[in-house]
Amino acid sequence: MFVQVTKCKHGSATYFTYLVRESFRTPKGPRSRTICNITALPPETRELISQSLQGRSFVAAESLQLAEAWNFGGLMVLHQAWEEFGLSTIFDFVADARMAGLLKAMTLGRILFPSAKLALVDHARGTLLAAACGLDQATEDFDEDDLYAAMDQLNGHWVGIEKQLYQKSFPQGVSLVLYDLTSVYFEGNGPSRISQYGHSRDHRSDRPQVLLAVATDAQGLPLHLEVLRGNRGDTTTLQGLLSTLRRRFGIREAVFVFDGGMSSKVNLEAMDELKLKYVTRLGASRLEELLASLPAEQSPELWDRTQVMEIVREGKRYVIAGGSWRQQRDQQRRQARLSKAENELKRLAAVQRKKVNSQKLASQVGRALQRLKAHKYFDYAVDPNGQLQWSRRTEVIQAEKIRDGLYLLGTNATPEQIPSTGVLSHYKNLLEVEDAFCHLKDYLRVRPVFHWRPDRVRNHVRICFLAYWLSAKLERQWRQKDQTIEVHNLLRQLQAIRLGRLEVQGKPFKTMVSQVPKDLNEILNKLGLLPLFSQPPTWAPGVCSK
């Protein structure tokens, strides 16, 4: 049976007739007959009859209910990337499937909702995190002790994981390695041996810390991560890195780029002996020596800060670079230090003292100027009457102005191997490592660390490293599609896309994906991710369709 619509005109009016008709066969061929006329029924009723005759089934609205709804959009993208990038076998060494699933859950959770292990269960509530990691969505409780036990599974297996990640990322090897250090502080004393007080990049000298040594390629995709003792000297870390990269990944020919803190004479000589190329920043004292040796026509005040100058001295190759932005920054920084120092000098001179102690006052002035990093800019003295007098060292300030915006790079590569502009370009790539640190420390919240066992501190950082590796791979893939969206931001926004299960009178009826928000639809389409949300994923619990 079917609904037939006929139309007729009478004058200027048009009339529609809705008939329910039935088809049947006769010896002379198929025929149809009218069963009833439904023209007088409301339009919505006629539509229900029409769709029912087409085989559609309907239920009463009051018997339909949304049983469950889970946030899953970001998880959907991460699950697909996990499979695409070959991470499905990364935890094959773990015998217990649930332990492997918990490791994956901590990695994905670190991207979507970074938090302490104890808080993972709260953040996972209302999401499909458990199902996306092969865990039982209905019963998984993300118990803190179980999460710690899963972390312990990484002990003794990290080298193998790093090798797998390297092979997946760099099947042809790497030609440029960027290396840098950062610090991560502890709340409390931290674990013995590796938790030490040292130079804090977080400006938390009041907290014990560990050092993170990270090596990446030129685009910021990580190769290697090491957790080091918190008071380790920067210069003592480089040779260990070289040994590890050569032994673990077979890197024999590459250009290594690192900052000035690691460019000691011993390290540079070691790289020469290993026949490895390097680009590094050298200290201000060496820059001053080279500038002093230049002829008058090459004086720094005559330079265009947008150009580089190459100098060869005693067989060593140097590149002096700069920039107008750096020049302006140096000027502003010096002016701020001068201003703060003079305000402090005026304050100290105005203090009324009951007893004159010239030596004590001079000592206070020296410590204050050192704290404000302005000691080199002033001459000061205290007369027998206890009066503080000071003056600016104009020759020092003027000499520094000439060098504003300039810094010195050193390399053992020949001009044919790396031209002077290439030396500068390689050094600027270190910003990619800083970006990696930004992801680890801010977006993935590797800090502060609350673990008390050295192995768990390392494994916590390693899980953050895995999360960053996955994010960096996605970022590189999206860049190739001319999209520069921050991965973590988009993934967290996508969590607004929900998967819901409808029930009719308490029985499963249909699993549906909510509509993609309009502001995300175009982005997902450009990234080729829109098809992921066309239907419920097969790994979701209780997926059914009607």
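Our structure is the block above this text.
First, a word on scope: everything that follows refers to the structure included in this document. In this text the structure is predicted, and so the values were computed from the model without any measurement.

This brings us to the sheet that holds strand β1 (residues 2-10). Strand order across the open sheet formed by 3 strands is β1-β2-β3, with antiparallel pairing between neighbours. Edge strands, defined here as strands with exactly one partner in the open sheet, are β1 and β3 (29-37). Pairs of neighbouring strands in the sheet enclose a mean axial angle of 45°, with direction left out of account. Note that β1 and strand β2 (residues 13-26) share 9 bridges and pair antiparallel. The residue bridging Val-5 from the neighbouring strand is Tyr-18, located in β2. Relative to β1, helix α1 (residues 43-53) is tilted by about 135°, and along the sheet it contacts β1 and β2.

Enumeration according to the criterion identifies 25 salt bridges in this entry. Of the charged contacts, one joins Arg-98 and Asp-146 as a salt bridge, the two residues approaching to 3.1 Å between their closest N and O atoms. Here Arg-98, found in helix α3 (residues 97-112), pairs with Asp-146, found in helix α6 (residues 144-152); they are 48 residues apart in sequence, far enough to count as distant. Its relative accessible area of 26% is what places Arg-98 among the partly exposed residues. Judged by its relative accessible area of 23%, Asp-146 is partly exposed. In this structure, Arg-334 and Asp-404 form a salt bridge, with 2.8 Å as the shortest nitrogen-oxygen distance. On the criterion of sequence distance, the pair formed by Arg-334 in helix α11 (residues 324-350) and Asp-404 in the loop between α13 (394-403) and β14 (407-411) is long-range, its members being 70 residues apart.

Turning our eyes to something else, we now look at the nonpolar core. If you look at the biggest cluster of nonpolar residues, it comprises 93 residues, and the most contacted ones within it are Phe-91, Leu-128, Leu-129, Phe-142, Leu-470, Leu-491 and Phe-533. Of all the elements, helix α16 (residues 454-479) adds the most residues to this core, at 10 residues. Not counting chain neighbours up to four residues away, the residues in contact with Leu-491 comprise Gly-74, Val-77, Leu-78, Ile-111, Leu-112 and Leu-474. Leu-221, Leu-223, Leu-242 and Leu-408 belong to the second largest nonpolar core, which has 40 residues in total.

Of the strand pairs in this sheet, β2 and β3 are connected by 8 bridges, and their pairing is antiparallel. Bridge pairing in β3 places Thr-26 opposite Gly-29. Once β2 ends, the chain turns through 2 residues before running back antiparallel as β3.

About the criteria used
- Residues numbered from 1 in each chain as written.
- Predicted model: local features only at pLDDT ≥ 70, side-chain atom pairs only at ≥ 80, totals over all residues.
- Heavy atoms only, no water.
- Pairing = 2+ DSSP bridges.
- Helix = DSSP H or I, 4+ residues; strand = E, 2+ residues; numbered from the N terminus.
- Axes fitted to C-alpha atoms, helices over the stretch in contact; angles between N-to-C directions.
- Contact = heavy atoms within 4.5 Å.
- Salt bridge = Lys/Arg side-chain N within 4 Å of Asp/Glu carboxyl O.
- Buried < 20%, exposed > 50% of the residue type's maximum accessible area, 1.4 Å probe, protein only.
- Core = buried A, V, L, I, M, F, W, Y, C linked by side-chain atoms within 4.5 Å.

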